[in-house]
Number of protein chains: 2
Amino acid sequence: MENNTTATPAKVSIITIGDELLIGQVVDTNSAWMAQQLNLAGFNVHHRVAVGDTWEDIWEALDQESKRAQIILITGGLGPTADDITKPLLCQYFNGKLVRHEPTLQHLEQLFTQILKRPLTDRNRHQADVPDVCTVLSNERGTAPGMLFEKDNRVFISLPGVPHEMQGIMTKHVIPLLQERFNPGIVAHRYLLTAGIGESDLADRIQEFETALPGFIKLAYLPHYGMVRLRLTARGEKGEQHIISTLEEQFTLLQTYVQDVMVVNEDISIQAMVGKLLLERKQTMATAESCTGGYISHLITAMPGASAWFNGSVVSYSNKIKETVLNVTPETFTTTGAVSEETVTQMLTGILRVMNTDYAIAVSGIMGPDGGTHEKPVGTVWVAVGNAQHTETRKFQFRYDRMRNIEMTAINALNMLRKFIQTH
Amino acid sequence: MENNTTATPAKVSIITIGDELLIGQVVDTNSAWMAQQLNLAGFNVHHRVAVGDTWEDIWEALDQESKRAQIILITGGLGPTADDITKPLLCQYFNGKLVRHEPTLQHLEQLFTQILKRPLTDRNRHQADVPDVCTVLSNERGTAPGMLFEKDNRVFISLPGVPHEMQGIMTKHVIPLLQERFNPGIVAHRYLLTAGIGESDLADRIQEFETALPGFIKLAYLPHYGMVRLRLTARGEKGEQHIISTLEEQFTLLQTYVQDVMVVNEDISIQAMVGKLLLERKQTMATAESCTGGYISHLITAMPGASAWFNGSVVSYSNKIKETVLNVTPETFTTTGAVSEETVTQMLTGILRVMNTDYAIAVSGIMGPDGGTHEKPVGTVWVAVGNAQHTETRKFQFRYDRMRNIEMTAINALNMLRKFIQTH
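Predicted model only: the values in this text are computed from it and were never measured.

### Topic: the nonpolar core
Counting 44 residues, the largest nonpolar core has I351 of chain A together with I351 of chain B as its most contacted members. Where this core is concerned, the elements lending two or more residues are β13 (285-289), α15 (341-355), β15 (359-365) and β16 (380-386) of chain A together with β13 (285-289), α15 (341-355), β15 (359-365) and β16 (380-386) of chain B. Setting aside anything within four residues of it in sequence, one finds I351 of chain B in contact with A286, T287, A288, V314, L326, N356, A360 and I361 of chain B.

If you want it as structure tokens, here you go:
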């Protein structure tokens, strides 16, 4: 592709294809991931659209989006079953004809004989057929390759809908190709995470700062699980070094406004922040989970390298397990109940002993939709965090659905531990 | 609204508004949920589009989507921070002017004084301002109400972007209003879940069945974590009872094609199927998780009522915990390693004892990106399932990223236990 220097960043549209998106069977995580990667690489995604597996709708989407954007990314519609019509459509749209692509066929043969250990069927073999007017983008992780087309000074890239396959092709081929071709210039982001302050109050507090920002820096509020992340984004042309230095100055200034509510001044999650503190201190933690059912442990272990500071968890979903494994006394259940300060305090002592860690979290609550009472309605949660010397407890009252109550409990418990580690 | 009987179901477009969607900071779960509910209620979502917080883009989306659809649903852009421009835009688009809506203001005052226990700021008070040309749809769960507009025989409904608030308004107001107004007729779905067969092979196997389906029944393939769900959807006008009986006949016929690979003939997850079997048998289970780090336990406890059959889990992320809590012998780690048949077999025995359950799952593996060796590359996982009498073990070799390896392990382990329960 030719290099095409441009002052304003190239506009991108993302088209996702598939009836499953329109019936809500599948959440479209692909276009969020693509948008994120494109943004980090300096491109502006202006429009995202989802259409069904219908010839007219896909065709119209290609027409419409190529009026808006110079780069049109397409995912989905390349699977092996009969309702897939994307490839023949692309063939016709770009005036090509289907031809067998030998390197893709060889890749398929190798994949089936050496890894999947199944015979290659005709249906599989057809995945190596591509329009003769496209550039093939190899798919090391799966069967359907990516395809790049050019028309009327627009670039169209079709990618499979399987997330890890799409991601492989994006990282290896698409981002480098687009950066070379469209030269997006400088784009830089700085993030900070706040807790304990609502979006409105935060906006009031930093209104003066926001109003005084230079035009090339934008502020965004990104609320998530009761915390608010702030993002500053600076854009400029290649070589404009003052863009980055001004961003750093503004970011330092922003932090002075939110010092007391700031969790971390990087784009990392609360669990990553806990891990960072423990790694620095060469210390460890564990969790005793009742109502969160392993979700805190899952958030932690979804991060590579967590084994350096996380020993494990006891999910004591039944009260019997709270007794036998964590040594909560049976009288506690009869006097104060399983959702109480006494129970989480004893769970904390128990898990520190069982897991032999420096710190721990213990949670017990009522996540709903059933199980609430007048004194302890759905959403009542007790959290304890601490070490061998000190324990801090807090009662929360959430008012959401089950899954969101679980998430809110997990994030708040991790933030309690983060504060505890920083102050003990 | 007037009743408007129609033979073909009304078309719906969903517009989601927010820069956070275009930078990929947030995954758009709202439109998936909305699409799902609308489909179950008999509406066809034809188009979904995401635009940024930009006046022109939102305006254009309203114009475009009202050409395609009779019902246009809009979410997002109603938060309290300054970049929100949706409400003034809707005001102008529908030729209204902003007026304070007294019932909403009263609701806000009550919410802040009684539940949030914070003073109501001017910024909050503005959330009670609505265009005087809309019907207000009350939001019991939050601050920004829904708004319904009518123009050129189209219905436009604007909803807040906070998921549980949007869901509350959809369920209470939007779905009933749309059903009364558009009379979508009959729509019915039947689902079955298969495991151990790829999408291509399944398509080959049921090709004859699919070709012979009557025109008013459609078959869809919904692959998910290495399993494939099949869905039959029948549509017809109110009162056409043969639509439903034919769907049942075809669904019975479909099951004869896939008997050997069918997990369940309902639209439930694999973990719900395990729970159903245990509830029927009044039995219990537990998990011992290393590489999945509590994810299996989380999948189970995310379901209401799991405490009737799930006692808990030990996440033994460090080998020391496998020894001390689950009684894995230290020699096992030196002779066969933590990722081995011996380890998961001993973990299984340990967890059955600790949790005192009828069945259990034990898993140990290498999820990546680091930790792989030549003999045990990233993606190597051992799973054991069993009861006091019998143990079944299996080695898996996944080749995905960390999170997907965790998910694939969890789903496959649950399916192994499902089979074990059904055969023991």
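Read on for the rest.
### Digging into the interface of chain A and chain B
Frequently, the measure chosen for interface size is the accessible area removed from exposure when the parts meet. Each partner contributes residues to the interface: chain A has 86 residues there, and chain B has 86 residues. The contact between chain A and chain B buries some 6700 Å² in all, and 53% of this surface belongs to carbon and sulfur atoms. The three residues of chain A that bury the most area against chain B are R48, Y317 and R399 of chain A, which together make up 9% of that side's buried surface. Linking chain A with chain B are four salt bridges, by the criterion used here. E60 of chain A is paired through a salt bridge with R68 of chain B; the nearest N and O atoms lie 2.7 Å apart. For the side of chain A that touches chain B, a count of residues per class yields 36 nonpolar, 30 polar and 20 charged. The pairing of strand β2 (residues 44-51) of chain A with strand β2 (residues 44-51) of chain B spans five bridges and is classified as antiparallel. Each bridged residue has a counterpart across the sheet, and for V51 of chain A the counterpart in β2 of chain B is H47 of chain B.

### Describing the state of the cysteines
All names here are of chain B. In this structure the tally under the stated criterion is zero disulfides over all chains. The thiol sulfur of C91 is not disulfide-bonded, and the nearest other cysteine sulfur, from C134, lies at 8.5 Å. According to the relative accessible area criterion, C91 is buried, its value standing at 7%.

### Observations regarding the pattern of salt bridges
The full count for this structure, using the stated rule, is 30 salt bridges over all chains. One salt bridge in this structure joins R48 of chain A and D28 of chain A, with 3.9 Å as the shortest N-O distance. Taken as a pair, R48 of chain A in strand β2 and D28 of chain A in the loop between α1 (19-22) and α2 (29-40) lie far apart in primary sequence, 20 residues in all. On the basis of relative accessibility, which here comes to 5%, the residue R48 of chain A falls in the buried class. With a shortest N-O distance of 2.9 Å, R181 of chain B and E150 of chain B are connected by a salt bridge. Here R181 of chain B is found in helix α7 (residues 163-182), whereas its partner E150 of chain B is found in strand β7 (residues 146-151), with 31 residues between them in sequence. Taking relative accessible area as the criterion, E150 of chain B reaches 42% and is therefore assigned partly exposed.

### A short note on the domain arrangement of chain A
Residue and element names in this part refer to chain A. What the domain assignment lists for chain A is domain 1 (11-182), domain 2 (186-264) and domain 3 (270-423). On the side of domain 3, eight residues touch domain 2, which itself brings eight residues to the contact. For the pair domain 2 and domain 3, the two sides together bury roughly 730 Å², of which 68% comes from carbon and sulfur. Interface area lost by domain 2 to domain 3 is led by Y225, M227 and V263, which between them contribute 75%. Applying the counting criterion to the domain 2 and domain 3 interface returns zero salt bridges. Taken together, the connections running from domain 2 to domain 3 amount to zero residue pairs in polar contact (both at pLDDT 80 or more). For the side of domain 2 that touches domain 3, the secondary structure elements donating two or more residues are β9 (186-195) and β12 (262-264). Of the residues forming the side of domain 2 that touches domain 3, the biggest block, three residues, is contributed by β12.

### A few points about the sheet that holds strand β9 (residues 186-195) of chain B
All names here are of chain B. Across the sheet, which stays open at both edges, the four strands sit in the order β10-β11-β9-β12 with antiparallel pairing between neighbours. Strands with a single pairing partner mark the edges of an open sheet, and in this sheet they are β10 (217-224) and β12 (262-264). Pairwise comparison of adjacent strand axes, ignoring direction, gives a mean angle of 30 degrees for this sheet. Set on the sheet, helix α16 (residues 402-423) makes contact with β9, β11 (227-236) and β12; between it and β12 the angle comes to about 90 degrees.

### Description of helix α7 (residues 163-182) of chain A
Taking 1.5 Å of rise per residue, the 20 residues of α7 of chain A would be expected to cover 28 Å, yet its terminal C-alpha atoms sit only 25 Å apart, more than 12% below that figure. Most pronounced at M170 of chain A, the bend in α7 of chain A amounts to some 45 degrees.

### Regarding the packing of aromatic side chains
The full count for this structure, using the stated rule, is 20 aromatic pairs over all chains. Ring centres of W59 of chain B and Y93 of chain B lie 4.8 Å apart, and the angle between their planes is 70 degrees; this geometry places the pair in the edge-to-face category. Remark: Y93 of chain B occurs in helix α4 (residues 86-93) and W59 of chain B occurs in helix α3 (residues 55-68); sequence separation between them is 34 residues. On the basis of relative accessibility, which here comes to 25%, the residue W59 of chain B falls in the partly exposed class. Between F94 of chain B and F156 of chain B, the ring centres sit 4.9 Å apart and the planes meet at 70 degrees, which makes this aromatic pair edge-to-face. Of this pair, F94 of chain B sits in the loop between α4 and β4 (98-100) while F156 of chain B sits in strand β8 (residues 154-159), and the two are 62 residues apart along the sequence. Accessibility assignment for this pair places F94 of chain B and F156 of chain B in one class, buried. Each residue in the set W55, W59, Y93, F94, F149 and F156 of chain A is aromatic and connected to the rest through ring pairs, giving one cluster.

### Details of the relation of the copies chain A and chain B
Once chain A has been moved 0.0 Å along the axis and rotated by 180 degrees, it coincides with chain B to within an RMSD of 0.0 Å. In short, the pair behaves as if placed about a two-fold rotation axis. Both copies share a contact surface, since 100% of the interface residues of chain A are interface residues in chain B too.

### Let's talk about the sheet that holds strand β11 (residues 227-236) of chain A
Residue and element names in this part refer to chain A. Strand order in the open sheet formed by four strands is β10-β11-β9-β12, with antiparallel pairing between adjacent strands. In this open sheet, the two strands that pair with only one neighbour each are β10 (217-224) and β12. Here the strands of the sheet are splayed against their neighbours by 30 degrees on average, with no regard to which way each runs. Sheet topology note: the β10/β11 ladder contains eight bridges and is antiparallel. When the bridges of β11 are listed, I217 appears paired with A234.

### A few points about the side chain of T143 of chain B
Residues and elements named next belong to chain B. Relative to the helices and strands, T143 is located in the loop between β6 (135-137) and β7. A distance of 2.8 Å separates the side chain of T143 from the side chain of Q127, its partner in a polar contact. If we ignore the near neighbours within four places in the chain, the residues touching T143 are T104, L108, L111, F112, Q127 and E165.

### A word on the side chain of N139 of chain B
All names here are of chain B. On the secondary structure map, N139 appears in the loop between β6 and β7. With a relative accessible area of 3%, N139 lands in the buried category. Of the polar contacts made by the side chain of N139, one reaches the backbone nitrogen of R141; its length is 3.1 Å. In terms of polar contacts, N139 uses its side chain to reach the side chain of E165, at 2.9 Å. Discounting chain neighbours no more than four positions away, the residues touching N139 are H107, A144, P145, P160, E165 and I169.

Here is what the cut-offs are and how they apply
Residues numbered from 1 in each chain as written. Chains lettered and ligands numbered in written order. Predicted model: local features only at pLDDT ≥ 70, side-chain atom pairs only at ≥ 80, totals over all residues. Heavy atoms only, no water. Core = buried A, V, L, I, M, F, W, Y, C linked by side-chain atoms within 4.5 Å. Buried < 20%, exposed > 50% of the residue type's maximum accessible area, 1.4 Å probe, protein only. Helix = DSSP H or I, 4+ residues; strand = E, 2+ residues; numbered from the N terminus. Contact = heavy atoms within 4.5 Å. Buried area = accessible area lost by both parts, 1.4 Å probe. Salt bridge = Lys/Arg side-chain N within 4 Å of Asp/Glu carboxyl O. Nonpolar A, V, L, I, M, F, W, Y, C, P; charged D, E, K, R; others polar. Pairing = 2+ DSSP bridges. Disulfide = S-S within 2.5 Å. Domains from an automatic or database assignment. Polar contact = N/O pair within 3.5 Å; in protein donor to acceptor, adjacent residues only side chain to side chain. Axes fitted to C-alpha atoms, helices over the stretch in contact; angles between N-to-C directions. Expected span 1.5 Å × (residues − 1). Bend = angle between axes of the 7 residues up to and from the residue. Phe/Tyr/Trp six-rings, centres within 6.5 Å; stacked < 30°, edge-to-face > 60°. Least-squares fit on C-alpha atoms with pLDDT ≥ 70 in both.

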